[in-house]
Number of protein chains: 2
Amino acid sequence: MQRYFGVRKDDKYLYLEKSDYHHIKNVMRNNDGDLIEVVVDNKLYLGCIENVKSDVNVLIEKELEIEEDFIPKVNLIIPILKEQKMDLILQKACEMGVDKITIIPLKRCVVRVDDKKINSKLDRWTRILKEASEQSFRSNIPNIEFVDSINKLSNLDGLKITCSTKKNLENVKMVLKKNKKCDTINVVIGPEGGLDNSEEEILNELGFLSTTFGSRIMRVESVPLFIMSIINYEYMSVD
Amino acid sequence: MQRYFGVRKDDKYLYLEKSDYHHIKNVMRNNDGDLIEVVVDNKLYLGCIENVKSDVNVLIEKELEIEEDFIPKVNLIIPILKEQKMDLILQKACEMGVDKITIIPLKRCVVRVDDKKINSKLDRWTRILKEASEQSFRSNIPNIEFVDSINKLSNLDGLKITCSTKKNLENVKMVLKKNKKCDTINVVIGPEGGLDNSEEEILNELGFLSTTFGSRIMRVESVPLFIMSIINYEYMSVD
């Protein structure tokens, strides 16, 4: 069943976005009486489509239970990358339950975004996150934020780690196991070529622990998928 | 340093493929004296480029030590998917250390490949695996094979699991932990819409254990990345 994010209109009806009505009419080609799922403020509703030929209405049938695996909140802190890589990361991290994406400029970034253009980029990324959330049946949409300097990554709660290429560090498994009860995991992932030494020092001063993700050479866009996968795995129950 | 796969010519020199010489001359724009890494029969050599202006030679400087994390051999058994998804899976699974890819036709596959065309597809996929192996500094290239029926997936050694959507199954973490000493992990991943019931029954009869990968709804191309990530994580040392 297709899932959308909407708002409550009144006791009986839900509102969706204009683009969702278009999707219902012209992409899904739904008929009156078809059922959809709608998430409103972290609640999940079964909705019934009415009046599809003109102004679509979505009647609340009932509230549904949300079934989702528990993982801590994950804040993925990533550099600005080329569009295709960025889209892949947003889509996959969203599927795997990311809570927040923080975009930061880093020294070795190939892509520079003009301050004036960052808002239109954020709009685009937000749209991708919304669509990916619907397709992976999430009950919320991850936040996305631009922070213009790593120095501003202070005041973050929870576990703070960086994906480092340095030798003789604790690996990510040791660190996750030691911090199993944290409620947020903040992970900084560097651009191609990794974090610059001075950046890693600043992050260490801000409380980020440099950790290794193993000896495999992964492309930068694979690292977020790796970290999201292993966090899901670490919190999978074995009882 | 760029890595290539080659063959031994004699005690002093290594041969590369024609396309690699092109890459050295025209993409990397190397000069005489530049160093490259060359893998030959699971051995790693430091090679020195000579004679780049005409017929490139690669002189053996010395043998290097291979540093790679240990994981069991992973045989990813996947349906035929659309080209873009297939390319992503091959590239990422390769980065994360897959040993073998087995392609099978499954009932819910959207893409059908003519028997006559399968060889040219396999050539293309082999090329992608070779390039991904070089870029991720692997010391071998994964095998790829086409098997025309799931009934032929008998006689596989090691752990055999399917990624199932059924309820009340053991999850993949329980199964990996119980079988930590296996030397091969064979994983069947279904197409969009999952494995057909009758297919899952055949696989169960062939000794494949149906397991759940958790409650997240992942796109089909994300599942191989998830499984490769968690296998790497499971075998990461915490000593």
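Residues numbered from 1 in each chain as written. Chains lettered and ligands numbered in written order. Predicted model: local features only at pLDDT ≥ 70, side-chain atom pairs only at ≥ 80, totals over all residues. Heavy atoms only, no water.

**Side note on the interface of chain A and chain B**
Logical step 1: Taken together, the contact pairs 40 residues of chain A with 40 residues of chain B.
Logical step 2: Roughly 3800 Å² of surface becomes buried between chain A and chain B when both sides are summed, with 54% attributable to carbon and sulfur atoms.
Logical step 3: Summed over the three residues of chain A that lose the most area to chain B, namely Lys173(A), Arg216(A) and Tyr233(A), the buried surface amounts to 22% of that side.
Logical step 4: Inspection of the chain A/chain B interface yields 4 salt bridges.
Logical step 5: Between Lys92(B) and Glu221(A) there is a salt bridge; the shortest N-O distance is 3.1 Å.
Logical step 6: Counting the contacts that link chain A with chain B gives 23 residue pairs in polar contact (both at pLDDT 80 or more).
Logical step 7: At the level of elements, α2 (83-95), α4 (172-178) and α6 (222-234) of chain A are the ones that each hand at least two residues to the side of chain A that touches chain B.
Logical step 8: For the side of chain A that touches chain B, the element with the most residues is α6(A), which contributes 8 residues. (Contact = heavy atoms within 4.5 Å. Buried area = accessible area lost by both parts, 1.4 Å probe. Salt bridge = Lys/Arg side-chain N within 4 Å of Asp/Glu carboxyl O. Polar contact = N/O pair within 3.5 Å; in protein donor to acceptor, adjacent residues only side chain to side chain. Helix = DSSP H or I, 4+ residues; strand = E, 2+ residues; numbered from the N terminus.)

**Digging into helix α3 (residues 118-135) of chain A**
Residue and element names in this part refer to chain A.
Logical step 1: Relative to the 26 Å expected for 18 residues at 1.5 Å per residue, α3 spans 26 Å between its end C-alpha atoms, a close match to the ideal helical length.
Logical step 2: What α3 keeps buried is the set Ile118, Leu122, Trp125, Ile128, Leu129, Lys130, Ala132, Ser133 and Glu134.
Logical step 3: Its buried side turned inward, α3 meets β1 (3-5), α1 (18-27), α2, β8 (100-104) and β9 (143-146).
Logical step 4: Directly after α3, the chain includes Phe137, whose backbone phi takes a positive value near 55°. (Expected span 1.5 Å × (residues − 1). Buried < 20%, exposed > 50% of the residue type's maximum accessible area, 1.4 Å probe, protein only.)

**Quick word on the sheet that holds strand β12 (residues 209-211) of chain B**
All names here are of chain B.
Logical step 1: Taken in spatial order, the 6 strands make up an open sheet running β9-β8-β7-β11-β10-β12, and their pairing is parallel. Two strands close off the open sheet at either side, each with one partner strand: β9 (143-146) and β12. When the angles between neighbouring strand axes are averaged without regard to direction, this sheet yields 25°.
Logical step 2: In the sheet, strand β8 (residues 100-104) pairs with β9 via 4 bridges, with the strands oriented parallel. Within β9, the position partnered with Ile101 by the bridge is Ile144.
Logical step 3: In this fold helix α3 (residues 118-135) packs onto β8 and β9, with an angle of close to 160° to the strand it touches most, β9.
Logical step 4: Seen against the sheet, helix α6 (residues 222-234) touches β7 (73-79), β10 (159-163) and β11 (184-188) and runs at an angle of roughly 170° to β7. (Pairing = 2+ DSSP bridges. Axes fitted to C-alpha atoms, helices over the stretch in contact; angles between N-to-C directions.)

**Focus: the relation of the copies chain A and chain B**
Logical step 1: It takes a turn of 180° to lay chain A on chain B, together with a shift of 0.0 Å along the axis; the resulting RMSD is 0.0 Å. Here the two chains are linked by the operation of a two-fold rotation axis. Identified as the residue of chain A closest to the rotation axis by C-alpha distance is Ile230(A), at 2.7 Å.
Logical step 2: An overlap of 100% is found between the interface residues of chain A and their copies at the interface of chain B, pointing to a shared contact surface. (Least-squares fit on C-alpha atoms with pLDDT ≥ 70 in both.)

**Looking at the state of the cysteines**
Residues and elements named next belong to chain A.
Logical step 1: In the structure shown here, the tally under the stated rule is 0 disulfides over all chains.
Logical step 2: A disulfide-free cysteine, Cys109 has its sulfur positioned 14 Å from the sulfur of Cys163, the nearest such atom.
Logical step 3: Take Cys109: its relative accessible area is 8%, and that puts it in the buried class. (Disulfide = S-S within 2.5 Å.)

**A closer look at the domain arrangement of chain A**
All names here are of chain A.
Logical step 1: By the assigned domains, chain A splits into domain 1 (3-64) and domain 2 (73-234).
Logical step 2: Centre-to-centre, using C-alpha coordinates, domain 1 lies 33 Å away from domain 2.
Logical step 3: Contact with domain 1, which involves 8 residues of that partner, is made by 8 residues of domain 2.
Logical step 4: Counting the surface lost from both domain 1 and domain 2, the interface buries some 740 Å², and carbon and sulfur atoms represent 54% of this.
Logical step 5: On the surface where domain 1 and domain 2 come into contact, there are 1 salt bridge.
Logical step 6: The residue Lys130 makes a salt bridge to Asp20 at a minimum N-O spacing of 3.1 Å.
Logical step 7: Our count for the contact surface shared by domain 1 and domain 2 stands at 4 residue pairs in polar contact (both at pLDDT 80 or more).
Logical step 8: Taken together, the elements giving at least two residues each to the side of domain 1 that touches domain 2 come down to β1 and β4 (35-40).
Logical step 9: Here the side of domain 1 that touches domain 2 is built from residues that sort into 3 nonpolar, 1 polar and 4 charged. (Domains from an automatic or database assignment. Nonpolar A, V, L, I, M, F, W, Y, C, P; charged D, E, K, R; others polar.)

**Considerations on the sheet that holds strand β11 (residues 184-188) of chain A**
Residue and element names in this part refer to chain A.
Logical step 1: Spatial ordering of the open sheet is given by β9-β8-β7-β11-β10-β12, a layout of 6 strands whose pairing is parallel. Edge positions in the sheet fall to β9 and β12 (209-211), since each has one partner strand and no second. Shown here is a sheet whose adjacent strand axes are inclined to one another by a mean of 25°, direction ignored.
Logical step 2: Sheet analysis places strand β7 (residues 73-79) next to β11, joined by 5 bridges and oriented parallel. Looking at β11, one finds that Asn75 is bridged to Asn186.
Logical step 3: Along the sheet, α3 makes contact with β8 and β9, crossing β9 at roughly 160°.
Logical step 4: Of the strands in this sheet, β10 (159-163), β11 and β12 touch helix α5 (residues 197-205), which is tilted by about 125° from β12.

**Observations concerning the nonpolar core**
Logical step 1: The biggest cluster of nonpolar side chains holds 90 residues, and the ones touching the most others in it are Ile227(A) and Ile227(B).
Logical step 2: What Ile227(A) contacts, discounting residues up to four positions off in sequence, is Leu76(A), Ile161(A), Val172(A), Val187(A), Ile189(A) and Phe213(A). (Core = buried A, V, L, I, M, F, W, Y, C linked by side-chain atoms within 4.5 Å.)

**Re the packing of aromatic side chains**
Residue and element names in this part refer to chain B.
Logical step 1: With the rule as written, the count across this model stands at 5 aromatic pairs over all chains.
Logical step 2: For the ring pair Phe70 and Tyr235, a centre distance of 6.1 Å and an interplane angle of 80° mean the geometry is edge-to-face. Here Phe70 is found in the loop between β6 (57-64) and β7, whereas its partner Tyr235 is found in the segment after α6, with 165 residues between them in sequence.
Logical step 3: Phe70 sits in the exposed class, given a relative accessible area of 58%. (Phe/Tyr/Trp six-rings, centres within 6.5 Å; stacked < 30°, edge-to-face > 60°.)

**Description of the pattern of salt bridges**
Logical step 1: Taken as a whole and judged by the stated rule, the model has 36 salt bridges over all chains.
Logical step 2: Between Lys121(B) and Glu83(B) there is a salt bridge, with its nearest N and O atoms 3.3 Å apart. With a gap of 38 residues between them, Lys121(B) in helix α3 and Glu83(B) in helix α2 (residues 83-95) connect regions that are remote in the sequence.
Logical step 3: Taking the relative accessible area as the measure of exposure, Glu83(B) reaches 42% and is therefore partly exposed.
Logical step 4: Notably, a salt bridge pairs Asp196(B) with Lys107(B), separated by 3.7 Å at the nearest N-O pair. Taken together, the residues Asp196(B) in the loop between β11 and α5 (197-205) and Lys107(B) in the loop between β8 and α3 connect sequence positions 89 residues apart.
Logical step 5: The exposed category is assigned to Lys107(B), whose relative accessible area is 52%.
Logical step 6: Salt bridges here are not isolated pairs; linked through shared partners, they connect Lys85(A), Glu192(A), Arg219(A), Glu221(A), Lys92(B) and Glu95(B).

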